[in-house]
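Fold and contact review
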Amino acid sequence: MLIKNHLDKNFQTPAYILEEDKLRKNCELLTKVSEQSGVKVLLALKGFAFSGAMDIVGEYLSGCTCSGLWEAKFAKEYMGKEIHTFSPAFKDDEIDEIIDLSHHIVFNSFNQFKKFKDKASHKSLGLRCNPELSVAPKELYNPCGRFSRLGICAIDFENEDLSALSGLHFHALCEESAHSLELVLNAFETKFSKFIKNMKWVNFGGGHHITKEGYDTQKLIDLCKKFSDKYGVQVYLEPGEAVGWQCGTLVASVIDIIENEKKIAILDTSSEAHMPDTIIMPYTSEVLNARILSSRDGEKYSELKEDEFAYLLGGNTCLAGDIMGEYAFNQELKIGQKIVFLDQIHYSIVKNTTFNGVRLPNLMFLDKNENLSMVREFGYENYSKRN
């Protein structure tokens, strides 16, 4: 953990710190998958959009997948490679610029496809499919659930003119394995095979936990290659979390320590504003040089040892539940001490808020030579301009 060598330096917290070596390691694995399977791998900006590292990601991946105009503009500005754009619905006052920026445009309904296909006819056009099967970890992340607004069911493809269509897209995974992809892919093939054979490309979406330890990359490679060979299509993958997985931290500082039956350290960060998935998912973030004793809602992980010191870590907001969890430390915490939340680059920066007027964490970069630099600094104007 290279960041531990820099905690004695004087830098403003809270701050996200991205570590170059770890990012490159993730990208190298994704490149291996691409080279051995023939797939093109895109970065899903919705999960990882660190401006100071887009040039590095661009050395390895084929481009970006975007959720709308602003992400497409970001992809153009910071990477400048392939841009694939999908939105549940494109707005009339944005579609012209989206068409201009994008190489692939994926529509979510036949209504929108028919509305915009003529003006976008010089681009590669796709439709998002609903395979009606998902192995998402909870219903909040299930795009194939009942009444889903995401994707078109196979029955609705019948009797439609697909002559302007180049590709199909599905996305039904969230932090899932290659085995989960196989299940969804089988369902997709069963329902859409007669349409696939007329396509130039198929996008398998995101949610592939490729860089997580234990992921079966060979199975992923085999699935992609077999599918591509069978149908003669270019296969795309669009991971977001897998790019930023375990390559960055959120560093905060202890600003007060109080006691109410338990010792509580108040930090200059917020779980709701700066680590929202710890509440939404939910999960409890690991902390450098500490053990998790219990989650924010009191679920026990382990027992305190005799030589340890327990602290609830809490955010500096009015939200009573702005608690990260209870942790065991080998030494007593001190006011001003830095606390490092691990694996906090993906799905954090992109979801930040300034609830309660809390400061947005600065963005910092730790290069392969262990030089720590500021990428982007946030101040009061970032709060005032959005309120």
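As the structure is a prediction and not an experimental result, all values here were calculated from the model. (Residues numbered from 1 in each chain as written. Predicted model: local features only at pLDDT ≥ 70, side-chain atom pairs only at ≥ 80, totals over all residues. Heavy atoms only, no water.)

Walk down a regular strand and you will see the side chains alternate between the two sheet faces. Sheet analysis places strand E11 (residues 262-267) next to strand E13 (residues 309-314), joined by three bridges and oriented parallel. Its bridge partner being in E13, Ala265 is matched across the sheet by Leu313. Across six bridges, E13 lies against strand E14 (residues 323-329) in antiparallel orientation. Within E14, the position partnered with Leu312 by the bridge is Glu326. (Pairing = 2+ DSSP bridges. Helix = DSSP H or I, 4+ residues; strand = E, 2+ residues; numbered from the N terminus.)

Note: α-helices contain 3.6 residues per turn, so residues at a spacing of three or four share the same orientation. Under the 1.5 Å per step criterion, the end-to-end length of helix H6 (residues 178-196) is only 21 Å for 19 residues, more than 12% shorter than the ideal 27 Å. Thr190 marks where H6 bends most, by close to 55°. Regarding H6, its N-cap is Ser177, as a side-chain oxygen of that residue lies 3.4 Å from the backbone nitrogen of His179 further along. (Expected span 1.5 Å × (residues − 1). Bend = angle between axes of the 7 residues up to and from the residue. Polar contact = N/O pair within 3.5 Å; in protein donor to acceptor, adjacent residues only side chain to side chain.)

Taking the UniProt record as the reference, the feature "domain: Orn/DAP/Arg decarboxylase 2 C-terminal" (unreviewed entry) is found at residues 216-343. Secondary structure within residues 216-343 divides into 21% helix and 36% strand; the distance between the first and last C-alpha atoms comes to 21 Å. (UniProt positions renumbered as here; feature names shortened; annotations may be inferred.)

Turning to the sheet that holds strand E5 (residues 104-107), a few remarks are in order. On the basis of which strands lie adjacent, the closed barrel formed by eight strands has the order E2-E3-E4-E5-E6-E7-E8-E9 and parallel pairing. Strand-to-strand twist of the sheet, defined as the mean angle between neighbouring strand axes without regard to direction, takes the value 25°. The sheet contact formed by E5 and strand E6 (residues 124-128) spans four bridges and is parallel. Following the sheet pairing, His104 is matched in E6 by Ser124. Each of strand E8 (201-203) and strand E9 (234-237) is contacted by helix H7 (residues 217-231), which is oriented at about 145° to E9, the strand it contacts most. (Axes fitted to C-alpha atoms, helices over the stretch in contact; angles between N-to-C directions. Contact = heavy atoms within 4.5 Å.)

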